[in-house]
Amino acid sequence: MQLDARAQTLLKTLVERYIADGQPLGSRALAKISGLDLSPATIRNIMADLEEMGFVSSPHTSAGRVPTPRGYRIFVDTLLTVDAIDESLLEARLQTRLQSGSSQKVIASAAQVLSSLSQFAGVVLTPRRESVFQQIEFLRLSEKRVLLVIVAPNGDVQNRLLLSDVDYTPSQLVQAANFINLHYGGLSFSDVRNRLQNELRQLRDDMTPLMQAAVEVGSDAMADNSDEVIISGERNLLSVNELSSNMTSLRKLFDLFEQKTSLLQLLDLSSRATGVQIFIGGESSLVPLDQMSIVTAPYEINGRVVGTLGVIGPTRMAYERVIPIVDITAKLLSSALSHS
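Residues numbered from 1 in each chain as written. Predicted model: local features only at pLDDT ≥ 70, side-chain atom pairs only at ≥ 80, totals over all residues. Heavy atoms only, no water.

**Student:** Quick rundown of the sheet that holds strand 9 (residues 292-301)? Include the residues and the values.
**Tutor:** Strand order across the open sheet formed by 5 strands is 7-3-10-9-8, with antiparallel pairing between neighbours. What marks the edges here is a single partner per strand, and that holds for strand 7 (229-232) and strand 8 (277-280). Each neighbouring strand pair of the sheet contributes to a mean axis angle of 20°, computed without reference to strand direction. Seen against the sheet, helix 14 (residues 319-338) touches strand 8, strand 9 and strand 10 (304-314) and runs at an angle of roughly 25° to strand 9. (Pairing = 2+ DSSP bridges. Helix = DSSP H or I, 4+ residues; strand = E, 2+ residues; numbered from the N terminus. Axes fitted to C-alpha atoms, helices over the stretch in contact; angles between N-to-C directions. Contact = heavy atoms within 4.5 Å.)

**Student:** Tell me about the sheet that holds strand 6 (residues 157-163), and name the residues and values.
**Tutor:** A sheet is described by the order of its strands in space; here 3 strands give the open sequence 4-5-6, paired in antiparallel fashion. Strands with a single pairing partner mark the edges of an open sheet, and in this sheet they are strand 4 (135-142) and strand 6. Across the sheet, the mean angle from the axis of one strand to that of its neighbour is 25°, orientation sign disregarded. Direction of pairing for strand 4 relative to strand 5 (residues 145-151): antiparallel, over a ladder of 7 bridges. Looking at strand 5, one finds that glutamate 137 is bridged to valine 149. On the sheet, helix 7 (residues 170-184) packs against strand 4 and strand 5 and is oriented at approximately 165° with respect to strand 4.

**Student:** Can you lay out the confidence of the model for the protein for me, pointing to particular residues and giving the numbers?
**Tutor:** Mean pLDDT over the protein: 85, with 91% of residues reaching 70 or higher. When pLDDT is averaged over each helix and strand of the protein, the minimum, 73, is found for helix 8 (residues 189-199) and the maximum, 95, for helix 1 (residues 5-21). (pLDDT = per-residue confidence, 0-100.)

**Student:** Summarise the pattern of salt bridges; cite the residues concerned and give the values.
**Tutor:** Evaluation of the coordinates by the stated rule reveals 8 salt bridges. A salt bridge links glutamate 16 to lysine 12; the nearest nitrogen and oxygen atoms lie 2.7 Å apart. Separated by 4 residues within a single helix, glutamate 16 and lysine 12 lie in helix 1, roughly one turn from each other. The residue aspartate 268 makes a salt bridge to arginine 272 at a minimum N-O spacing of 2.5 Å. Classification of aspartate 268 as buried rests on a relative accessible area of 16%. Under the relative-accessibility criterion, arginine 272 is labelled exposed at 63%. Salt bridges sharing partners connect three or more residues here, namely Arg73, Asp77 and Glu283. (Salt bridge = Lys/Arg side-chain N within 4 Å of Asp/Glu carboxyl O. Buried < 20%, exposed > 50% of the residue type's maximum accessible area, 1.4 Å probe, protein only.)

Written as C-alpha cells, this is what we have:
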C-alpha cells in the first residue's frame, strides 16, 4: 500500500523513536520531532489513517501509538536507513574470531560474534551432511511391507521400513534397486530426487511410488540426526521486557531454544533466499512470539549455500545496526569456511 511522503515520515519517526525508548508516541510529540510543519490536529488525522491501514495501533485510549508487525514490515522494507558502519573495523574484529580452528569452532564463533555485537541471541544453522549412498536393496517382508537397506560409502548400513499400496514381487524389487544403484549409486539422495522426475519414465509407472518413497525415506535415514542449530546469548533475551514479561512469553521463548523446530524451519526457508531476510513476529507463523524478530542471511562454502545464520531479538531492535552485522558475518563465515 502506497503512503504519501508525510505519512512515511511520520511512520518512520514513530518506529525509530519507539525502537529507541519503547514508549508509545502521541501526536504532539510527533509534531515536535518529525521535522514536518504540521499541526497536531493534522498529525492526528494522518495517524488515524495509519491506524486504519494497520501500520500502528493504540495500546490504550490516549497513550499514543506503537508500530504493528505490518508497520515494522513497511519500515524495514522501504523506510529503513541502514547505518554506514565501519565495515573494515567490523571485519577486523570478526576475522580474528573466524580464522582459526575447525569448521565446527568457526561456526560456533560466528554465533558468539552475532550475539556479542547485537546484544541479543546469535544463531547458526550448521551445514547439512550430504546423504550419499553407495547402494540400496529392497527386501519384501510381507504383503505391502518392504525393507529398504541403504549402504553408505563407508560401509554403514541403515534399514528403514516402507509401507506400500502395492504388493511388489521380489523380482520387481530387484529391478527397482538395480535401476537406482546403476544410475545413482555414489550420489546424494537430494541429487537423486532432482533427477528422478524425468528418468523414472524408463520404468513401469507402478514402480514410481516405491522409488520416490525410497528417496524420501533414504534421505532422512542418511542425513545427520537433525540439522544442528547453534545458539549463543539466549540469556540476553531474558533482559528484554517484551520477550520475558509474562510466563506465556517465557514458555514460548524457552520452547524455541529447547525444541528448535520453528528455528529449523525458518532457517531452512531463509537459506533458499538471497541476502538478508527479516522475519517479524505477528506476520510469520514461524516466529513464535509477536514481539520477536529474526534477521537472517545464508552463508556459503565455495559458492554453494550450506546454512543460515542470524540474530534473534525483539521487534523493537535497531535493525539499522543488526542488518549489516548479520550480512557481514555471513560473508566472513563463507570466506573462512571456503578457505579452511
